[in-house]
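# Commentary on secondary and tertiary structure
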Amino acid sequence: MDQLMFIQTGMGTDVHGQNVTKAAVRAIKNAIHTNSMPGIRTVLPEQSLDNMKIIVKLALPCDFDQLDHEEVKKAIPYGEVNIEVMEGGMLTTSGIVLEEKEDKNDLMYIVNAAIEVGY
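An account of the accompanying structure is given in this report.

### Focus on helix H1 (residues 20-32)
The end-to-end C-alpha distance of H1 is 19 Å, a good match for the 18 Å that 13 residues give at a rise of 1.5 Å each. Along H1, the positions that sit buried rather than exposed are Val20, Thr21, Ala23, Ala24, Val25, Ala27, Ile28, Ala31 and Ile32. Capping the start of H1 is the job of one residue whose side-chain oxygen sits 2.9 Å from the backbone nitrogen of threonine 21: asparagine 19.

Here's what the structure looks like:
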């Protein structure tokens, strides 16, 4: 990325099911769905949203090998997306195991995201 324009942050939780991908997608949506970048096209090469470069940084509490990178990329509507994963986030109790929600245990997964946008 030659020019960093915006950094958006978010948090996502999977309360039941222990799905790190679901928590990561929710963190991304939390980061990007409360922002607008109305002037971004004017600075992008060829004024195309497809020329945005996005770095998605995810702090996961566990299950790094279970993160579905392609599913995570689908949460970003435009541009070239790269994912960086690091240790972080949180595991905490949900207080209950719900088998009908595919719980394996009583843990909820909390993922933090930082979305860097530029070109």
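### A short note on a nonpolar patch on the surface
On the surface, Met1, Leu4 and Ile7 cluster together to form a nonpolar patch covering roughly 270 Å² of accessible area. With respect to the element layout, leucine 4 can be found in strand E1 (residues 4-14). Given the relative accessible area of 39%, leucine 4 is considered partly exposed.

### Looking at the layout of surface pockets
Approximately 260 Å³ is the volume attributed to the largest pocket. Lining of the largest pocket is provided by 14 residues; of these, Ile32, Met37, Met52, Pro77 and Tyr78 occupy positions nearest its centre. Each residue belonging to the lining of the largest pocket can be placed in one class, and the counts come to 11 nonpolar, three polar and no charged.

### Thoughts on the nonpolar core
Membership of the largest hydrophobic core comes to 28 residues, with the highest contact counts inside it found for Ile28, Val56, Leu58 and Ile115. Listed by contribution, the elements that provide at least two residues to this core are H1, strand E2 (53-60), strand E3 (80-87) and strand E5 (107-118). Sort the elements by how many residues they give to this core and H1 lands first, with eight residues. If we ignore the near neighbours within four places in the chain, the residues touching isoleucine 28 are Val56, Leu58, Val72, Ala75, Ile76, Ala113 and Ile115.

### Brief notes about the side chain of aspartate 103
Looking at the element boundaries, aspartate 103 is found in the loop between strand E4 (90-93) and E5. The buried charged residue aspartate 103 lacks any salt bridge, with lysine 104 as its nearest oppositely charged partner at 7.4 Å. Reaching out from aspartate 103, the side chain makes a polar contact with the side chain of histidine 16 at a distance of 2.8 Å. Once you skip the residues sitting within four places of it in the chain, aspartate 103 turns out to touch Val15, His16, Gly17, Gln18, Ile96, Val97 and Leu98.

### Some thoughts on the pattern of salt bridges
Working definition: two side chains of opposite charge can pair if their charged atoms are close together. Under the definition given, this model contains four salt bridges. Of the charged contacts, one joins lysine 73 and glutamate 70 as a salt bridge, the two residues approaching to 4.0 Å between their closest N and O atoms. A residue pair is termed a helical-turn pair when its members lie 3 or 4 positions apart in one helix, as lysine 73 and glutamate 70 do in helix H3 (residues 69-73) at three residues.

Scoring rules and cut-offs
- Residues numbered from 1 in each chain as written.
- Predicted model: local features only at pLDDT ≥ 70, side-chain atom pairs only at ≥ 80, totals over all residues.
- Heavy atoms only, no water.
- Helix = DSSP H or I, 4+ residues; strand = E, 2+ residues; numbered from the N terminus.
- Expected span 1.5 Å × (residues − 1).
- Buried < 20%, exposed > 50% of the residue type's maximum accessible area, 1.4 Å probe, protein only.
- Polar contact = N/O pair within 3.5 Å; in protein donor to acceptor, adjacent residues only side chain to side chain.
- Patch = residues over 30% accessible without salt bridge, like charges linked within 9 Å, V, L, I, M, F, W, Y side chains within 5 Å.
- Areas by Shrake-Rupley, 256 points an atom, 1.4 Å probe, with all protein chains shown as cover.
- Salt bridge = Lys/Arg side-chain N within 4 Å of Asp/Glu carboxyl O.
- 1 Å grid on protein atoms, 1.4 Å probe; cavity = no way out; pocket = protein on both sides within 12 Å on 5 of 7 lines; lining within 4 Å.
- Points joined across faces, edges and corners; volume = space filled by probe spheres on them.
- Nonpolar A, V, L, I, M, F, W, Y, C, P; charged D, E, K, R; others polar.
- Core = buried A, V, L, I, M, F, W, Y, C linked by side-chain atoms within 4.5 Å.
- Contact = heavy atoms within 4.5 Å.
- Lys, Arg positive; Asp, Glu negative; His and termini not counted.

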